[in-house]
Amino acid sequence: AGTSANVRELEDLTMGNAQYTSDVQCVVALYGIMDIGKLERQHAEYGVDPNEACSNDRSMGGMLLGKAPCKVPELVRFANPETYITAKAPPFFLQHGLADTVVPFQQSILFADKLEQAIGTEKVTLELCPGINHAESFFRTPENTEKIFAFLDQHLKQ
């Protein structure tokens, strides 16, 4: 949703409230999958069991796309948020644990790089968290929640 504003193929005005835009003003993305097609390779590169993330129909990507991501590259491209990055993308706050064994932290790094190229470094915050695994309680601590709320306040209370 954060990068797909005005993409007709992803907009269904018969659902929800067609009188309101689906554009978002800012995005908080914690340990997210940004490129399904790279999961298996990135896991293998960093010594994590790749779990056939690209070649298995029952992988996370396979369940999302209906077939293993390696078998449907056109759907991978369609599903990847980076496909839709433009200069009109909203500000992003990304966090990822460097010990994530579910979603490689490289997903957030590469995505942040592409966002920065399109919207500028001042609109992209990337925090890499040493020693933190996927969805750990760290992300829900009062200190971290306060950081997220500060980002939201900055962009939503204008």
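Further up the page is the structure itself.
Residues numbered from 1 in each chain as written. Predicted model: local features only at pLDDT ≥ 70, side-chain atom pairs only at ≥ 80, totals over all residues. Heavy atoms only, no water.

Visitor: Could you give an account of the overall build of the protein chain, with specific residues and numbers?
Guide: From N to C terminus, the protein chain includes five helices and three strands. Reading the protein chain from its N end, one meets helices and strands in the order β-α-α-α-β-α-β-α. At 16 Å, the protein chain has a C-alpha radius of gyration in line with the 15 Å of a compact globule built from 158 residues. Across its three principal directions, the C-alpha atoms of the protein chain cover 45 × 40 × 30 Å. Residue burial in the protein chain is summarised as follows: out of 158 residues, 37% are buried. Summed over all atoms, the accessible surface of the protein chain reaches about 9300 Å², with 53% contributed by carbon and sulfur. (Helix = DSSP H or I, 4+ residues; strand = E, 2+ residues; numbered from the N terminus. Rg over C-alpha atoms; globule rule 2.2 N^0.38 Å. Buried < 20%, exposed > 50% of the residue type's maximum accessible area, 1.4 Å probe, protein only. Areas by Shrake-Rupley, 256 points an atom, 1.4 Å probe, with all protein chains shown as cover.)

Visitor: Tell me about the pattern of salt bridges, and please be specific about residues and values.
Guide: Applying the stated criterion across every chain yields a total of six salt bridges. Linking lysine 71 and aspartate 57 is a salt bridge whose minimum nitrogen-to-oxygen distance equals 3.1 Å. On the criterion of sequence distance, the pair formed by lysine 71 in the loop between helix H2 (60–65) and helix H3 (73–79) and aspartate 57 in the loop between helix H1 (39–45) and H2 is long-range, its members being 14 residues apart. Note that lysine 147 and glutamate 127 form a salt bridge whose closest N and O atoms lie 3.0 Å from each other. You can see lysine 147 sitting in helix H5 (residues 142–156) and its partner glutamate 127 sitting in strand E3 (residues 124–129), a full 20 residues away along the chain. What makes lysine 147 partly exposed here is its relative accessible area of 37%. (Salt bridge = Lys/Arg side-chain N within 4 Å of Asp/Glu carboxyl O.)

Visitor: Report on the state of the cysteines, specifying residues and quantitative values.
Guide: In this structure the tally under the stated criterion is one disulfide. Paired by a disulfide, cysteine 54 and cysteine 70 hold their sulfur atoms 1.6 Å apart. Across the disulfide from cysteine 54 to cysteine 70, rotation about the S-S bond amounts to roughly 120°, and the bridge is consequently right-handed. You can see cysteine 54 sitting in the loop between H1 and H2 and its partner cysteine 70 sitting in the loop between H2 and H3, a full 16 residues away along the chain. Note on cysteine 70: relative accessible area 47%, which makes it partly exposed. Unpaired in terms of disulfides, cysteine 26 finds its nearest cysteine sulfur in cysteine 129, a separation of 18 Å. (Disulfide = S-S within 2.5 Å.)

Visitor: So what's going on with the packing of aromatic side chains? Which residues, and what values?
Guide: In this structure the tally under the stated criterion is five aromatic pairs. Ring geometry for phenylalanine 93 and phenylalanine 151: centres 5.5 Å apart, planes at 40°, overall tilted. With a gap of 58 residues between them, phenylalanine 93 in strand E2 (residues 92–97) and phenylalanine 151 in helix H5 connect regions that are remote in the sequence. Judged by relative accessible area, phenylalanine 93 falls into the buried class, the value being 3%. By relative accessible area, which is 6% here, phenylalanine 151 ends up buried. Relative to phenylalanine 139, the ring of phenylalanine 138 lies with its centre 5.3 Å away and its plane at 80°, an arrangement referred to as edge-to-face. Phenylalanine 139 gets classed as buried once you look at its relative accessible area, which sits at 3%. Taken together, Tyr31, Phe138 and Phe139 form an aromatic cluster joined through their ring pairs. (Phe/Tyr/Trp six-rings, centres within 6.5 Å; stacked < 30°, edge-to-face > 60°.)

Visitor: Which residues make up unusual backbone geometry, and what values do they have?
Guide: For tyrosine 31, which is not glycine, the phi dihedral falls at a positive 45°. Tracing the chain through its elements places tyrosine 31 in the loop between strand E1 (27–30) and H1. Assessed through its relative accessible area of 18%, tyrosine 31 is described here as buried. One non-glycine residue with positive phi stands out, namely alanine 135, at about 60°. Checked against the element boundaries, alanine 135 lands in the loop between E3 and H5.

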